[in-house]
Amino acid sequence: MPHGPRVRFAPSPTGYFHVGSARSALFNWLLARQSPDGCFILRIEDTDADRNREEWVDGIIQAMAWLGLDLDEGPFRQSDNHAAHLEATQALLSRGFLYYCDCTGDDVQARKGENKTPGYDGYCRERGLARSATTALRFKTPHDGVTTVHDLIRGDVEFANSTIDDFVVAKSSGAVLYALANVTDDRHDAITHVIRGEEHLPNAPKQMMLWRALNDAFADEVALPVYAHLPLLVNEQRKKLSKRKDPVATETYRDEGYIAPAFVNYLALLGWSPRGDQEIVPLSTIIEQFRLEDVSHSPAFFDVKKLRHMNGEYLRAMSRDEFIAACAPWVAPWTSEWRPTDRPTPWGRDEFDAEVFARVAPLVQERVAVLGDVAAMVDFFFLDDVDMDVAAFEKVVGSDPSGRALLAAALARFSDVAWDASSLHAAVEELGEGLAMNLRKAQAPIRCAVTGKLVGPPLFESLEILGRARAMRRLESALARCSD
Ligand code: GLU
């Protein structure tokens, strides 16, 4: 019975959710969503008990939900399929595809001597060893011929079988290793497309050999999947993204305030591009246009600056209310189900005023690139004492007599100016003229006194929202600071 593509994302829960994994998950999901009967499966490959942690499993599931990559089947656990892995091992063994081997790594090394050929030399292939506590099971790789991986992105990739050693499929402990467990599960789930990172390309010929051997051992004809190995992600130096040096954890981007639609849009561009010259495109367009055949095999630059820019564009395209709601985890986390890690608000719950925030939100929406930057831009509305950037204050007030003169003049003028943005604008402009300061220069000391910083939301709108009394108090204390 013909059916749509059945794809799986099969992460091993050994760390944070790498942006490369997020891209693999997305490309699988896109293929499934293009067909009404496409099926997207999440399979957690958790058989390496020494390296897996339950919290990473939660991280994967949460990150997938955040990105909106919904599942048709699963999440499955590879470990739940243990019986099938053992059954596959037995079937391969009884059909003569495997043999027992008791060589240690040192034995293999010693036999090699100067010979640098990688891998195992087949020493135990004909020894007819029986199962014991020290024997692993190896696959009898054919010596001649080639195995051709049909890859939608790279074309046909040929591997000479002579370069593939008799690899271990099960350890002496009985644990079935990745290659066989992965293939057993893919057959079980009738996977049609294996879409994953380029680093798995060398595994593909081994997995094809296992797949064919299993068809033989079980006397069935499960069709081999089509492969698509996605291009490597590289940093600015065109080096493979490094877990230590580059920001690769999807969780970190979420914590910093990247929003899922922008992040997904950006991930889609890592190796693929939509038609036309627009890169910011709705998900529905991406689903419609995405073709694995159009994915490039050259490394894709993971450009955080571009991602940041796109995120800002997405934030600006939100309605005011959407933006306010999106800010909640960073400005009023007590109202939000999800909260970023280690990002306390600068204010306490009682100091925050949702109505004031609703008024200032449009001012920051125009300027902010990531939601995690919002709180620091608006903290002066909620804190009694501004968080003063001392060096900035010294520059524009402390060591600048005209800055001090302007503050004093503003304090006098603010007591009776009409308290709205345009009157404040006109008043400050006029005070500046009197002191031979242009508007930009005249704003700096006031902004610093009132907000504690030299950059932030538009000054006059901010002053209007802050209110006359609080603004004047801040000018007073700034002047007092100078005479301390
Ligand atoms: N579990 C493997 C990994 O996380 C993926 C294997 C695959 O997609 O075939 O790298």
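A quick note: this is a predicted structure, and the numbers were derived from the prediction, not measured.

Calculation rules
- Residues numbered from 1 in each chain as written.
- Predicted model: local features only at pLDDT ≥ 70, side-chain atom pairs only at ≥ 80, totals over all residues.
- Heavy atoms only, no water.
- Phe/Tyr/Trp six-rings, centres within 6.5 Å; stacked < 30°, edge-to-face > 60°.
- Helix = DSSP H or I, 4+ residues; strand = E, 2+ residues; numbered from the N terminus.
- Buried < 20%, exposed > 50% of the residue type's maximum accessible area, 1.4 Å probe, protein only.
- Lys NZ or Arg CZ within 6 Å of the ring centre and 35° of its normal.
- Lys, Arg positive; Asp, Glu negative; His and termini not counted.
- Salt bridge = Lys/Arg side-chain N within 4 Å of Asp/Glu carboxyl O.
- Polar contact = N/O pair within 3.5 Å; in protein donor to acceptor, adjacent residues only side chain to side chain.
- Pairing = 2+ DSSP bridges.
- Axes fitted to C-alpha atoms, helices over the stretch in contact; angles between N-to-C directions.

1. Here we look at the packing of aromatic side chains
Summed over all chains, the structure comprises 20 aromatic pairs. On the numbers, 5.6 Å between centres and 40° between planes, the contact of Trp66 with Phe263 is tilted. With Trp66 in helix H2 (residues 54–67) and Phe263 in helix H8 (residues 260–268), the pair connects residues that are 197 residues apart, well separated along the chain. We classify Trp66 as buried; its relative accessible area is 15%. The rings of Trp334, Trp347, Phe352, Phe357, Phe380, Phe381 and Phe382 are connected pair by pair, giving a single aromatic cluster. We note Arg481 situated over the ring of Phe393; from NZ or CZ to the ring centre the distance is 5.3 Å.

2. Description of the side chain of Lys112
Along the polypeptide, Lys112 turns up in helix H4 (residues 105–112). For Lys112, which is buried and forms no salt bridge, the nearest opposite charge comes from Asp165, at a distance of 7.2 Å. In this structure the side chain of Lys112 is engaged in a polar contact, spanning 3.1 Å, whose partner is the backbone oxygen of Gly119.

3. Things to note about the sheet that holds strand S4 (residues 98–101)
In spatial order, the strands read S4-S5-S8; together these 3 strands make up an open sheet with antiparallel pairing. Edge strands, defined here as strands with exactly one partner in the open sheet, are S4 and strand S8 (168–170). Within this sheet the neighbouring strands show an average axis-to-axis angle of 45°, counted without direction. Looking at chain direction, S4 and strand S5 (residues 136–139) are connected through 4 bridges and run antiparallel. Of the residues in S5, the one forming a bridge with Cys101 is Ala136.

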